[in-house]
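So you can see what is in the structure, the chains are spelled out below.
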Amino acid sequence: MSKNETTAGDSEKTGIRHSTILVIGGGAAGMAAVIAARRSTKASGEPCSITLLERNPRPGTKIRISGGGKCNVTHRGTPAELLELGFLRRNEKRFLRHALYSFSNTDLLALLRSKGIETEERADGKVFPASGDAASIARSFEGLLKESRVQQHYSCRVQSVVRNGELFVVTTGDEVFTTECLVLATGGVSYSKTGTTGDGLVIARSLGHSIIKPSAALAPLYTIKSPPASLSGLALRSISLVAAAGCRSVERRGDLLFTHRGFSGPAALSLSRDVAELMGECGNCTLFANLFPEQSFVELEAEFLQQARRNGAQMVRKFLQVCPIAPPNGSIQVAPHGTLPSALVPFIMRHAGLENDLNWGGLPREKRQLLISVLKRFPLGSVREVPIDQGEISAGGVSLVEVNPKTMCSRIVPRLFICGELLDYAGEIGGFNLQAAFSTGWMAGVSAVQSIA
Ligand SMILES: Cc1cc2nc3c(=O)[nH]c(=O)nc-3n(C[C@H](O)[C@H](O)[C@H](O)COP(=O)(O)OP(=O)(O)OC[C@H]3O[C@@H](n4cnc5c(N)ncnc54)[C@H](O)[C@@H]3O)c2cc1C
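Calculation notes
- Residues numbered from 1 in each chain as written.
- Predicted model: local features only at pLDDT ≥ 70, side-chain atom pairs only at ≥ 80, totals over all residues.
- Heavy atoms only, no water.
- Domains from an automatic or database assignment.
- Contact = heavy atoms within 4.5 Å.
- Buried area = accessible area lost by both parts, 1.4 Å probe.
- Salt bridge = Lys/Arg side-chain N within 4 Å of Asp/Glu carboxyl O.
- Polar contact = N/O pair within 3.5 Å; in protein donor to acceptor, adjacent residues only side chain to side chain.
- Helix = DSSP H or I, 4+ residues; strand = E, 2+ residues; numbered from the N terminus.
- Buried < 20%, exposed > 50% of the residue type's maximum accessible area, 1.4 Å probe, protein only.
- Axes fitted to C-alpha atoms, helices over the stretch in contact; angles between N-to-C directions.
- Left-handed = near helix turned anticlockwise from the far one by under 90°.
- Nonpolar A, V, L, I, M, F, W, Y, C, P; charged D, E, K, R; others polar.
- Pairing = 2+ DSSP bridges.
- Near = heavy atom within 4 Å.
- Areas by Shrake-Rupley, 256 points an atom, 1.4 Å probe, with all protein chains shown as cover.

**Student:** Sorry if this is basic, but what is going on with the domain arrangement of the protein chain here?
**Tutor:** The parts lose accessible area when they come together, and the size of an interface is often stated as this lost area. Domain boundaries in the protein chain define domain 1 (4–215 + 393–452), domain 2 (217–291 + 383–388) and domain 3 (297–380). Centre-to-centre, using C-alpha coordinates, domain 2 lies 22 Å away from domain 3. With 21 residues of domain 2 at the interface, the matching set in domain 3 holds 18 residues. Taking both partners together, domain 2 and domain 3 bury about 1,600 Å²; carbon and sulfur atoms supply 67% of that area. One can count zero salt bridges joining domain 2 with domain 3. Counting across the domain 2 and domain 3 interface gives four residue pairs in polar contact (both at pLDDT 80 or more).

**Student:** Explain the pattern of salt bridges to me, please; I cannot follow it from the model alone.
**Tutor:** As a working rule, side chains carrying opposite charge can pair if their charged atoms are close by. In this structure the tally under the stated criterion is 20 salt bridges. Across the pair R248 and E281 runs a salt bridge, and its minimum N-O distance is 2.3 Å. Taken as a pair, R248 in strand 14 (residues 248–258) and E281 in helix 8 (residues 265–282) lie far apart in primary sequence, 33 residues in all. Look at R248 and you get partly exposed, because its relative accessible area is 38%. Here the salt bridges share partners, and the residues they tie into one network are R89, R252, D274 and E277.

**Student:** When you look at the packing of helix 3 (residues 79–86) against helix 4 (residues 90–102) in this model, what are you seeing that I'm missing?
**Tutor:** Helix-helix packing: each pair is described by the crossing angle between the helix axes and the interaxial distance. Running from amino to carboxyl end, helix 3 crosses helix 4 at an angle of 145°, the nearest separation of the two axes being 10 Å. Classified by chirality, the crossing of helix 4 by helix 3 is right-handed. Facing helix 3, whose interface residues are P79, A80, L82, L83 and E84, helix 4 presents K93, L96, R97, L100 and Y101. Residue classes in the contact of helix 3 with helix 4 are distributed as seven nonpolar, no polar and three charged.

**Student:** Hey, could you run me through the sheet that holds strand 16 (residues 286–290) in this one?
**Tutor:** Whether parallel or antiparallel, the strands of a sheet pair through hydrogen bonds between backbone atoms. Reading around the barrel, the six strands line up as 12-15-14-13-16-17 and close back on themselves, with antiparallel pairing between neighbours. Across the sheet, the mean angle from the axis of one strand to that of its neighbour is 45°, orientation sign disregarded. Against the sheet, helix 8 touches strand 12 (221–223), strand 13 (235–245), strand 14, strand 15 (262–264) and strand 17 (378–385), its axis set at about 145° to strand 14. Contacting strand 16 and strand 17, helix 12 (residues 365–376) crosses the sheet at an angle of about 110° to strand 16.

**Student:** Explanation requested: the site of the ligand in the structure shown.
**Tutor:** Around the ligand sit 35 residues, and of these A29, E54, D199, E421 and L434 come closest. Separating an oxygen atom of the ligand from a backbone N or O atom of A28 is a distance of 3.1 Å. Calculation on the ligand without its partners gives an accessible area of 1,000 Å², and the protein chains cover 96% of this total. Listing elements by their share of the shell around the ligand, those giving two or more residues are helix 1 (28–44), helix 2 (61–65) and helix 13 (432–452). For the shell around the ligand, a count of residues per class yields 13 nonpolar, 15 polar and seven charged.

Listed below in structure tokens is the structure:
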């Protein structure tokens, strides 16, 4: 892609490039905004020039690395189901509702199909391109941009935006653009190497918007003391991860991965936003795993007693290695979620103060109860950091109360539209963040055209 790929006329007589609509940011939200705007102008017959400015040499950088290179592009279900599963905070669900209904997952998949992209749905509801290639999604959007015949400028970083009467004046390193209608789609602040360094937050603030301080989300948890090297790479299935600070605690059910710096995997990533907030409020946070979340203390004790009666000579550690972990209550799966990894069992025994070769017959009541306490609250250490740059997304951003959820138009600045991860929402893992970016971007593009009609 050339630095300035111009596919439509420009008014360059003054050295200032003018267009009716200008979109800053060529990620999922910005590309959707451009495509939606062009389709709306075609439908309305309104003459309208559209410009896209992107600081990277090509659009869709984050899409290309999403889903481990496979791109979990959206999630199965109705918009109501996506909101329920993908967004945990009520204000975010309320805000995103209109966008997810206006441009839904089926709309997105139809758009991709129009470019020859077939998708497949996994058992857990995640949707991926059937090719397993994230770049195919980015390429199809590049194709849609090309068909839209808009001015595309790459390697073009916006430095400032000022309002001058009815116009926005947008300055990059060496050029000045003016526009009647500005769409800000510059993303969050994580994975800053992909171009998301928070420029949009500075621009939005300079235009009068309130910014909710960005914080980590869908990020790994680094602990003060790293997990033992022998546990690095170990996965715990369907546990409950608990983070506690002072009298507050938060928890999340899911799989957990031990890493050489702390923890990752779905449970850790999902809980990271809450952990970052606890760290901000309390300055510390301790992690525990409930290794048998489906059974209460009393139920586990009854099971252990029964086992002791049935097979008193069995070593406790042998039993722990085969004791099945129940799937979450209400889950469609009925088969057990595996067992505790053998490598973890010696650590459990040590925490409970039990000798490795102890059998059920030699386990008195108080030791049995201590073992259950450890299984229900296995200590994982204190959090050192939730690294914001390592998050798949960042939380925080432009305050949702200052943006109209039915149009994505700023309530502060007329004809300013804000969309995608730049807004103060954060979705769960599962394709919800890309869908939210596409949906809010699409809505911004359509509304931008309506605002100038
Ligand atoms: C490693 C990783 C894996 C992920 N996997 C998934 C997944 O599988 N499924 C899912 O749903 N979500 C996933 N996400 C999250 C998802 O990619 C983002 O939420 C989504 O891309 C946000 O879209 P956006 O358009 O709002 O922002 P972005 O895609 O970040 O786009 C913003 C664009 O604005 C540009 N920009 C910024 N500042 C300027 C400036 N001053 N001038 C010009 N351009 C500028 C940036 O270069 C960037 O291209 C993943 C994220 C990461 C980091």
